[in-house]
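# Reading the structure
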Amino acid sequence: MEKFNLEIITPEKIFYKGEVESIHIPALGGSCTIMAGHQPMVFATEPGEMQITVNGVTREAFMSEGFIEVRPDETIAFSEAVEWPEDIDAHRAEEAKERAEEQLRRNRSAAEYRLNRLALQRAFARLQVKNHNNMNNF
């Protein structure tokens, strides 16, 4: 299968840099799979499960909100946070989920609602990736 260069960047570090066969990204309005030769584009991502395939092996990771730029020669993803399953603190994610659910019940304003809904979405996505625990390595 044809490969392309992928770089995933967070504010703290370069999470991933290398050749991949595909990347499946949680995008606003639905997920998107990018493969070599994909049409150039830019789109926003949302919290969810990301999948990277290298040499026929697919590995999952948590991806927070951000955006991705698909270029003819490479794809670059910028995200607030990206974590492999083994790096996710399930206890911390569960606490974040409970805090966000409580804040949603209080629902003081539309802006607070959106922020709390996003926090809840991040917590659920982390827990999903952690619990799915696909420990394949490239």
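Summarised in this report is the structure supplied together with it. Since this is a predicted model, take the numbers as computed values, not measurements.

### Quick notes on the sheet that holds strand β4 (residues 32–35)
Read across the open sheet, the five strands follow the order β4-β3-β6-β7-β10; overall the sheet is antiparallel. With one partner strand each, in any of the chains shown, β4 and β10 (82–83) form the two edges of the open sheet. Together, β6 (48–54), β7 (57–63) and β10 form the strand contacts of helix α2 (residues 110–132), whose direction differs from that of β7 by roughly 150°.

### A word on the environment of Ala77
Considering the arrangement of structural elements, one finds Ala77 in strand β9 (residues 74–79). Separated by 69 residues in the primary sequence, Ala77 and Ile8 have C-alpha atoms spaced 4.7 Å apart. Sequence-distant contacts of Ala77, that is, excluding residues within four places in its chain, are made with Glu7, Ile8, Ile9, Met63, Phe67 and Ile68.

### With respect to unusual backbone geometry
The residue Asn55 is not glycine, and still its phi comes out positive at about 50°. Mapped onto the elements of the fold, Asn55 is located in the loop between β6 and β7.

### Points about the pattern of salt bridges
In total, this model carries seven salt bridges according to the counting rule given. In this structure, the salt-bridge partner of Arg122 is Glu65, at a minimum N-O distance of 3.1 Å. In this pair, Arg122 is assigned in helix α2 and Glu65 in the loop between β7 and β8 (66–70), connecting sequence segments 57 residues apart. Here Arg71 and Glu69 are joined by a salt bridge, their closest N and O atoms 3.2 Å apart. Arg71 sits in the partly exposed class, given a relative accessible area of 32%. Residue Glu69 is classed as partly exposed on the basis of its relative accessible area, which comes to 23%. Residues joined by salt bridges that share partners form a network here, namely Glu69, Arg71 and Glu74.

### Things to note about the nonpolar core
Ranked by size, the top nonpolar core spans 22 residues in total, and within it Ile8, Ile23, Met50 and Ile52 carry the most contacts. Going through the elements one at a time, β1 (4–9), β2 (14–20), β3 (22–25), β4, β6, β7 and β8 are the ones with two or more residues in this core. Each residue touching Ile23, except ones within four places of it in the same chain, is listed here: Phe4, Leu6, Ile8, Cys32, Thr33, Ile34, Met50, Gln51 and Ile52. In terms of nonpolar packing, the next biggest core, distinct from the first, is built from five residues, Phe62, Ala81, Ala125 and Val129 among them.

### Regarding the sheet that holds β8
Across the sheet, which stays open at both edges, the five strands sit in the order β2-β1-β9-β8-β5 with mixed pairing between neighbours. Single-partner strands in this sheet number two, and they are β2 and β5 (41–45). This sheet shows a mean twist of 10° between the axes of neighbouring strands, independent of strand direction. In this structure, β8 lies alongside β9, joined through five bridges in antiparallel fashion. Residue Ile68 lies in a different strand from β9, and its bridge partner there is Ala77.

### A short note on α2
Along an α-helix, residues three or four apart share an orientation, since each turn contains 3.6 residues. Helix length check: α2, at 23 residues, gives a terminal C-alpha distance of 32 Å against a target of 33 Å (1.5 Å per residue), a fit within 8%. Along α2, the residues classified as buried are Asn116, Leu120, Ala123, Ala125, Arg126, Leu127 and Val129. The elements touched by buried residues of α2 are β6, β7, β10 and α1 (90–106).

About the thresholds
- Residues numbered from 1 in each chain as written.
- Predicted model: local features only at pLDDT ≥ 70, side-chain atom pairs only at ≥ 80, totals over all residues.
- Heavy atoms only, no water.
- Pairing = 2+ DSSP bridges.
- Helix = DSSP H or I, 4+ residues; strand = E, 2+ residues; numbered from the N terminus.
- Contact = heavy atoms within 4.5 Å.
- Axes fitted to C-alpha atoms, helices over the stretch in contact; angles between N-to-C directions.
- Salt bridge = Lys/Arg side-chain N within 4 Å of Asp/Glu carboxyl O.
- Buried < 20%, exposed > 50% of the residue type's maximum accessible area, 1.4 Å probe, protein only.
- Core = buried A, V, L, I, M, F, W, Y, C linked by side-chain atoms within 4.5 Å.
- Expected span 1.5 Å × (residues − 1).

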